[in-house]
Amino acid sequence: MNYYYIHLMPRENLNYCFIDEYPSEVGIKSYKIGKGLKLGTDYPEDSRVYMADRYTGIQLSDLIENACGMLIVSKRIKETFERVNKGPVEYLPLTICNHKKRVASTEHFIINPLGTVDCLNLKASTIVYHDDKIVQVQRPVLDPGKIEHAPHLFRMQEHTYSFLMSEVMMEELGTLSPPPTNFCFEQLDQAPSQPG
């Protein structure tokens, strides 16, 4: 099955809003959003984010671009994820406020797939290391043997801010009308890892 990388900052339509910061209500626990750790009661239901002043875009899209590595989507995308995905995920309600601090949406969610999936062929992927630790995955190549039982939406173990979705999820999103806005995907190459 094919898998797709979700681009969180496509910057193809500058009329769409952009978020620069985590919800302040989450405080120091915001790191959990980027690591796939469960927030549970650490996440206040009145959490909000503000459109970044450095960009003038104010339109809401199905995927909200942000500089924090959060997967922020509209209610209809969230409902699709919820219906199709079988892995553990938190769906965290989020209020988006405009540049004037007025509420622009209460119909968006942070999608927090819990945990990660060991999915890469490390030798075939282009990876930047520092002191034997992965600091960047420039060109991920999936190992088909590792993703045989992967959920339809998950985080990459080697880079927890990278979200991948299956062909099944892609097809389901394709049935939405109108089509999802501001969603950019990249199909990832696959190559079996060689033993040894």
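Quick summary incoming for the structure in this document. (Residues numbered from 1 in each chain as written. Predicted model: local features only at pLDDT ≥ 70, side-chain atom pairs only at ≥ 80, totals over all residues. Heavy atoms only, no water.)

### A few points about the nonpolar core
Of all hydrophobic cores here, the largest spans 19 residues; its most connected members are Ile6, Leu71, Phe81, Ile111, Leu153, Leu173 and Phe183. Elements supplying a minimum of two residues to this core: strand S1 (3–7), strand S5 (71–74), helix H2 (75–84), strand S7 (103–113), strand S12 (159–166) and helix H3 (167–173). Of all the elements, H2 adds the most residues to this core, at three residues. The contacts of isoleucine 6, once residues within four sequence positions are left out, are Leu63, Leu71, Leu153, Phe163, Met165, Phe183, Cys184 and Phe185. In terms of nonpolar packing, the next biggest core, distinct from the first, is built from 16 residues, Cys17, Ile19, Met51 and Ile64 among them. (Core = buried A, V, L, I, M, F, W, Y, C linked by side-chain atoms within 4.5 Å. Buried < 20%, exposed > 50% of the residue type's maximum accessible area, 1.4 Å probe, protein only. Helix = DSSP H or I, 4+ residues; strand = E, 2+ residues; numbered from the N terminus. Contact = heavy atoms within 4.5 Å.)

### Remarks on H2
Buried residues of H2: Ile77, Lys78, Thr80, Phe81 and Val84, and no others. Buried residues of H2, seen end-on, are gathered within an arc of 160 degrees and therefore sit on one face of the element. In this fold, the buried residues of H2 make contact with S5, strand S6 (89–97), S7, strand S11 (153–156) and H3. (Arc of directions from axis to C-beta.)

### Comments concerning the layout of surface pockets
Quantified by volume, the largest pocket comes out at close to 350 Å³. Where the lining of the largest pocket is concerned, the elements lending two or more residues are S1, strand S9 (133–139) and S12. Here the lining of the largest pocket gets four residues from one element, more than from any other, and that element is S9. Partitioning the lining of the largest pocket into residue classes produces nine nonpolar, seven polar and two charged. Estimates place the volume of the second largest pocket at around 160 Å³. Lining the second largest pocket, in full, are Asp20, Glu21, Tyr22, Pro23, Ser24, Arg48, Val49, Tyr50, Met51, Ala52, Asp53 and Lys101. Looking at the lining of the second largest pocket, its residues break down into six nonpolar, one polar and five charged. (1 Å grid on protein atoms, 1.4 Å probe; cavity = no way out; pocket = protein on both sides within 12 Å on 5 of 7 lines; lining within 4 Å. Points joined across faces, edges and corners; volume = space filled by probe spheres on them. Nonpolar A, V, L, I, M, F, W, Y, C, P; charged D, E, K, R; others polar.)

### Some words on the pairing of S11
The side chains of a regular strand alternate, residue by residue, between the two faces of the sheet. Of the pairings in the sheet, the one linking S11 to S12 comprises four bridges and is antiparallel in character. Bridged to methionine 156 within S12 is histidine 159. The turn joining S11 and S12, which pair antiparallel and follow one another in sequence, is formed by two residues. (Pairing = 2+ DSSP bridges.)

### Section: the sheet that holds S12
The four strands lie next to each other as S11-S12-S1-S13, forming an open sheet whose pairing is antiparallel. Edge positions in the sheet fall to S11 and strand S13 (184–187), since each has one partner strand and no second. Neighbouring strand axes in the sheet, compared pairwise and without regard to direction, differ in orientation by 40 degrees on average. In this structure, S1 lies alongside S12, joined through three bridges in antiparallel fashion. Bridging from a neighbouring strand, tyrosine 3 pairs with serine 166 of S12. (Axes fitted to C-alpha atoms, helices over the stretch in contact; angles between N-to-C directions.)

### Some remarks on the sheet that holds S7
Sheet architecture is open: six strands sit in the order S2-S4-S5-S7-S6-S3, paired in mixed fashion. What marks the edges here is a single partner per strand, and that holds for strand S2 (18–19) and strand S3 (48–50). The pairing of S5 with S7 spans four bridges and is antiparallel. Within S7, the position partnered with serine 74 by the bridge is histidine 108. Contacting S5, S6 and S7, H2 runs over the sheet at an angle of about 105 degrees to S5.

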